Amino acid sequence: MRRLAALWTKEWIALSRDLHGLAVLFLMPAAFIAIMSLALSDTFGERRVEFAVLGKPELARQLAGHGFRAAPAPPDEAAGRDAVRRGELALVLVVKDWSTSDFRLLVDPSLPQPLLFAFQMRVLAAASGASPAEMLQAFPTEVVGAASGAGRLSSVQQNVPAWLIFGMFFVVLPLSSLFIVERRDGTLARLVAQRVPFPLLLAGKLAPYFLINLAQAALMLLVGRSVVPWLGGEALALPARWDLLALAAACTSVAALGWGLLVAVGARTLEQATVIGGVGNILAAALGGIMVPRFVMPQAMQRWAELSPMAWALDAFHAVLLRGGAGAALAPACLKLLALGAALLAAAFWLHRRRGV
Amino acid sequence: MLKIASVSFGYPRTGPVLKDISLEIPHGAIFGLLGPNGAGKTTLISILSGLRRPSGGRVQGDCRAIGLVPQELAFYPMLTVRENLRFFGGVQNLGGARLRERLDAVVAFARLEGVPDRRAAELSGGLKRRLNLAIGLLTDPDLVLLDEPTVGVDPQSRAFLLESIAALRSPARHLLYTSHYMEEVQAICDHVAIIDEGRVLAAGPLAAVLGGAASLEEVFLGLTKRRLRD
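Residues numbered from 1 in each chain as written. Chains lettered and ligands numbered in written order. Predicted model: local features only at pLDDT ≥ 70, side-chain atom pairs only at ≥ 80, totals over all residues.

### Focus: the overall build of chain A
Part 1 of the reasoning: Along the backbone of chain A there are 16 helices and four strands.
Part 2 of the reasoning: At 26 Å, chain A has a C-alpha radius of gyration far larger than the 21 Å of a compact globule built from 357 residues.
Part 3 of the reasoning: Dimensions of chain A along its principal axes, counting C-alpha atoms only, are 90 × 40 × 40 Å.
Part 4 of the reasoning: For chain A, the proportion of its 357 residues judged to be buried stands at 42%. (Helix = DSSP H or I, 4+ residues; strand = E, 2+ residues; numbered from the N terminus. Rg over C-alpha atoms; globule rule 2.2 N^0.38 Å. Buried ≥ 20, exposed ≤ 12 C-beta atoms within 10 Å, placed from the backbone.)

### What to know about the confidence of the model for chain A
Part 1 of the reasoning: Confidence in the prediction of chain A, expressed as mean pLDDT, is 86, and 93% of residues score 70 or more.
Part 2 of the reasoning: Of all helices and strands in chain A, the one with the weakest mean pLDDT is helix α3 (residues 41-44) of chain A (68), whereas helix α12 (residues 242-266) of chain A scores best (93). (pLDDT = per-residue confidence, 0-100.)

### Quick look at the domain arrangement of chain B
All names here are of chain B.
Part 1 of the reasoning: Domain parsing of chain B yields domain 1 (2-64 + 142-224) and domain 2 (78-134).
Part 2 of the reasoning: Distance from the C-alpha centre of domain 1 to the C-alpha centre of domain 2: 26 Å.
Part 3 of the reasoning: Contact with domain 1, which involves eight residues of that partner, is made by eight residues of domain 2. (Domains from an automatic or database assignment. Contact = placed C-beta atoms within 7 Å.)

### Digging into the domain arrangement of chain A
Part 1 of the reasoning: The assigned domain composition of chain A is domain 1 (2-42 + 154-355) and domain 2 (48-137).
Part 2 of the reasoning: Each of domain 1 of chain A and domain 2 of chain A was reduced to a C-alpha centroid, and the two centroids are 47 Å apart.

### Observations regarding the packing of helix α2 (residues 19-39) of chain A against helix α11 (residues 198-230) of chain A
Residue and element names in this part refer to chain A.
Part 1 of the reasoning: Axis separation between α2 and α11 bottoms out at 10 Å; the angle between their running directions is 30°. Classified by the angle between their axes, α2 and α11 sit roughly parallel to one another. The handedness of the crossing between α2 and α11 comes out as right-handed. Between α2 and α11, the residues in contact are Leu-25, Phe-26, Pro-29, Ala-30, Ile-33, Ala-34 and Ser-37 and Ile-212, Gln-216, Leu-219, Met-220, Val-223, Gly-224, Val-227 and Val-228, respectively.
Part 2 of the reasoning: The residue inventory of the contact of α2 with α11, partitioned by class, reads 12 nonpolar, three polar and no charged. (Axes fitted to C-alpha atoms, helices over the stretch in contact; angles between N-to-C directions. Parallel < 35°, antiparallel > 145°, perpendicular 65-115°, else oblique. Left-handed = near helix turned anticlockwise from the far one by under 90°. Nonpolar A, V, L, I, M, F, W, Y, C, P; charged D, E, K, R; others polar.)

### Observations regarding the confidence of the model for chain B
Residues and elements named next belong to chain B.
Part 1 of the reasoning: Here chain B averages 87 in pLDDT, and 98% of its residues register 70 or above.
Part 2 of the reasoning: Confidence, read as mean pLDDT per element, is least for helix α8 (residues 216-224) in chain B (80) and greatest for helix α2 (residues 81-91) (94).
Part 3 of the reasoning: With a pTM of 0.77, the predicted complex shows an ipTM of 0.85.

### Topic: the sheet that holds strand β4 (residues 56-60) of chain B
Residues and elements named next belong to chain B.
Part 1 of the reasoning: Taken in spatial order, the three strands of this open sheet run β2-β1-β4, and their pairing is antiparallel. On the outer flanks of this sheet lie β2 (15-25) and β4, each paired with one strand and no other. Adjacent strand axes in the sheet meet at a mean angle of 20°, parallel and antiparallel pairs treated alike.
Part 2 of the reasoning: Relative to β2, strand β1 (residues 2-11) is paired through seven bridges, and the arrangement is antiparallel. Each residue of the ladder has a partner; that of Tyr-11, found in β2, is Gly-15.
Part 3 of the reasoning: Of the strands in this sheet, β1, β2 and β4 are in contact with helix α1 (residues 41-48), which crosses β2 at around 65°. (Pairing = 2+ DSSP bridges.)

### Focus: helix α6 (residues 113-127) of chain A
Residue and element names in this part refer to chain A.
Part 1 of the reasoning: In this model α6 runs 21 Å from its N-terminal to its C-terminal C-alpha over 15 residues, within 8% of the 21 Å that 1.5 Å per residue would give.
Part 2 of the reasoning: Here α6 has its buried residues at Phe-119, Arg-122 and Val-123. Along the long axis of α6, the arc covered by the buried residues comes to 95°, so they all point the same way. In α6, the exposed positions that point more than 90 degrees away from the buried face belong to Gln-113, Pro-114, Phe-117 and Leu-124.
Part 3 of the reasoning: Directly beyond the C-terminal end of α6, a positive phi value near 95° is found at Gly-129. (Expected span 1.5 Å × (residues − 1). Arc of directions from axis to C-beta.)

### Let's talk about the interface of chain A and chain B
Part 1 of the reasoning: Listed as interface residues are 22 residues of chain A and, on the opposing side, 21 residues of chain B.
Part 2 of the reasoning: Within the residue set of the side of chain A that touches chain B, elements represented by two or more residues are α1 (2-16) and α10 (187-193) of chain A.
Part 3 of the reasoning: Per element, the largest residue contribution to the side of chain A that touches chain B is nine residues, and it comes from α1(A).
Part 4 of the reasoning: When its residues are assigned to classes, the side of chain A that touches chain B shows 11 nonpolar, five polar and six charged.

### As for the sheet that holds strand β4 (residues 102-107) of chain A
Adjacent strands of a sheet pair through backbone hydrogen bonds, lying either parallel or antiparallel.
All names here are of chain A.
Part 1 of the reasoning: Spatial strand order, β2-β1-β3-β4: four strands in an open sheet with mixed pairing. The open sheet has two edge strands with one neighbour each: β2 (68-70) and β4. Strand-to-strand twist in this sheet, taken as the mean axis angle between neighbours without regard to direction, amounts to 25°.
Part 2 of the reasoning: In this structure, strand β1 (residues 49-54) lies alongside strand β3 (residues 91-97), joined through four bridges in parallel fashion. Counterpart to Leu-54 in the pairing with β3 is Val-94.
Part 3 of the reasoning: Against the sheet, helix α5 (residues 77-85) contacts β1, β3 and β4, and its axis sits at roughly 160° relative to β3.

### Considering the environment of B:Ala108
Residues and elements named next belong to chain B.
Part 1 of the reasoning: With respect to the helices and strands, the residue Ala-108 is situated in helix α3 (residues 96-109).
Part 2 of the reasoning: Residue classification places Ala-108 among the exposed positions, given that 11 C-beta atoms sit within 10 Å.
Part 3 of the reasoning: Expressed as a C-alpha distance, the spacing of Ala-108 and Ala-134, which sit 26 residues apart in the sequence, is 9.2 Å.

### Digging into the packing of helix α9 (residues 172-184) of chain A against α12(A)
Residue and element names in this part refer to chain A.
Part 1 of the reasoning: It is at 8 Å that the axes of α9 and α12 come closest, and there the two elements cross at 30°. On the basis of their axis angle, the class for α9 and α12 is roughly parallel. As α9 packs across α12, the resulting crossing turns out to be right-handed. Contacts between α9 and α12 involve Val-172, Leu-175, Ser-176, Phe-179 and Ile-180 on the former and, on the latter, Trp-259, Gly-260, Leu-261, Val-263 and Ala-264.
Part 2 of the reasoning: Among the residues making up the contact of α9 with α12, the classes are represented as eight nonpolar, two polar and no charged.

Shown next, in the form of structure tokens:
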């Protein structure tokens, strides 16, 4: 235990004095969470769509709501077309004769199809004599398995776990760089000559970084809960089951540490470790729905996304944060992460034995 | 007596590095191991320290603790001198009073009293070499392997290091010393071996190896020829 304590202490001191490493682990994901939660808030939330009605001004008030905001009507159809072309209005409903349903919709080409469809439905509802608001109220809707206060995939609910996972996998950089420096400077050889077994050296490295990963998780959730709303975004809704959140973080950490250790053992230079670890993480993030949410990807890409361990980790976090799931809901993602972590650790052991110090 | 009996070793890509090396390192003596670059000195030290296993032959001896002082500055530059010493003591299972006692002893031995709280990265070249030596002596080892411990230091620091190494001579201890500085070896070693291309060219007490030659350098160049090495 004394030897392990010495290894842990060394690792803590070394990391606490590595300002770049700390910035990568804590500042980078915090900054991403704040920026991306705010930047994508419209994509996840109610996007405000400005529309105008020509020829039947009183209809505008009826169609407004649920993200559709009525703007003052342009003087004529040509002005309406110009307003749409310039992007000032997303939709202009030109009514010639409402009683005979003689109307035409001018549409901004950048308007997403679902929003266009939603507006068309509102117009059709109004044309049939019903109020869109009353129609929606009469439509019983239940969000299934929502965590307390969450209920839907908002920008902050997507971005906090996503960039937290991204930051956790970045332990690869400080972990591998110190290991490579130890090997390059002969420190590792000295430790082996001092009869420090390799599994003990690994335990000395993995335990501190495991705790760092958990600290990252706690701090990033705090950023989502406090900093993002302070900056004008939505607050992260936290689940009642903190233990499950910790389980998701722990399983993610196992995979991240396995990856970090394999890069540490496999890379021969600091440059190699930075490129392999950094680029590997960025690719896994791009594929796994960290940078671009999976639901906006085409179906084929969504299937490819299933290959990324970051996607598994995101599934685990979403199961808790979004769906308020129990342990069974996390199990598939957690098992995949644990299996990957074990496989990567085994590969690192094998490679180390093959290469020696 | 530490016996190296018919030890051979080869790397997969470069082929044999040590070819049937046999040496005897007596207690209480400083044994100088000489050889040009690539002769196999560091590989032999790796085998003695347990980092590599010989492909043939064996090492016989009863050593309680091995102190390796590698050619590289093998410590943590971001840690202070004291933190480095505490760490290397801790991983060798030293703790409590024993660790404090050994830490004080090696700090005094390597004359590091003025710098225990300075980060290792900030030390001068000579102080770094002394810290490297101090770490190797933490367990009061009975086999000390010194791989070119005076590389890159000024004459004062080198003189201090040589005096310190000479002071390590003890009846219960084996000391193996490698260097490219012939005058150093001639000054502090009792026994020497000259190896080249993985073979022992000469070995024995210093006087016997010197024979009638004026200096060890003359013997060394005579045996290893003047051909440049990679």
